[in-house]
Amino acid sequence: MRLRYIGESFGFDSLTNGKIYDAEAENEGMYRVIDDSGEDYLYSKDNPAPLDGSSAGGKWELVEE
């Protein structure tokens, strides 16, 4: 699937506001997303944000299933 991240950009190589990412649904309310680093990481389906709380994060918008 493809998801658009809407929210505050965070990290040099994490998520960027308005950018579309390839993703797969995971268990436990998470998406496995290939982020700006080019690697796949788990992000919350409800509020993708850095674990250290340095950003409020944002939300996902489904672009393509």
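Draft legend 1. The arrangement of the pattern of salt bridges in detail. Evaluation of the coordinates by the stated rule reveals five salt bridges. In this structure, Asp36 engages Lys19 in a salt bridge whose closest nitrogen and oxygen atoms are separated by 3.0 Å. Placement of the pair is Asp36 in the loop between strand 3 (30-34) and strand 4 (40-44) and Lys19 in the loop between strand 1 (2-7) and strand 2 (20-25), with a sequence separation of 17 residues. Residue class for Asp36 comes out partly exposed when judged on its relative accessible area of 23%. Judged by relative accessible area, Lys19 falls into the partly exposed class, the value being 38%.

Draft legend 2. Spotlight on the pairing of strand 3. Side chains of strand 3 alternate between two faces, with Tyr31 and Val33 buried and Met30, Arg32 and Ile34 left unburied. Of the strand pairs in this sheet, strand 2 and strand 3 are connected by three bridges, and their pairing is antiparallel. Pairing of Ala23 across the sheet is with Val33, part of strand 3. Linking strand 2 to strand 3, which pair antiparallel, is a turn of four residues; within it Glu28 sits at a positive phi near 65 degrees. Pairing analysis gives five bridges linking strand 3 to strand 4, with the strands arranged antiparallel. Residue Tyr31 lies in a different strand from strand 4, and its bridge partner there is Tyr43. Hairpin connection from strand 3 to strand 4: five residues lie between these consecutive antiparallel strands, with Gly38 at a positive phi of about 85 degrees.

Parameters at a glance
Residues numbered from 1 in each chain as written. Predicted model: local features only at pLDDT ≥ 70, side-chain atom pairs only at ≥ 80, totals over all residues. Heavy atoms only, no water. Salt bridge = Lys/Arg side-chain N within 4 Å of Asp/Glu carboxyl O. Helix = DSSP H or I, 4+ residues; strand = E, 2+ residues; numbered from the N terminus. Buried < 20%, exposed > 50% of the residue type's maximum accessible area, 1.4 Å probe, protein only. Pairing = 2+ DSSP bridges.

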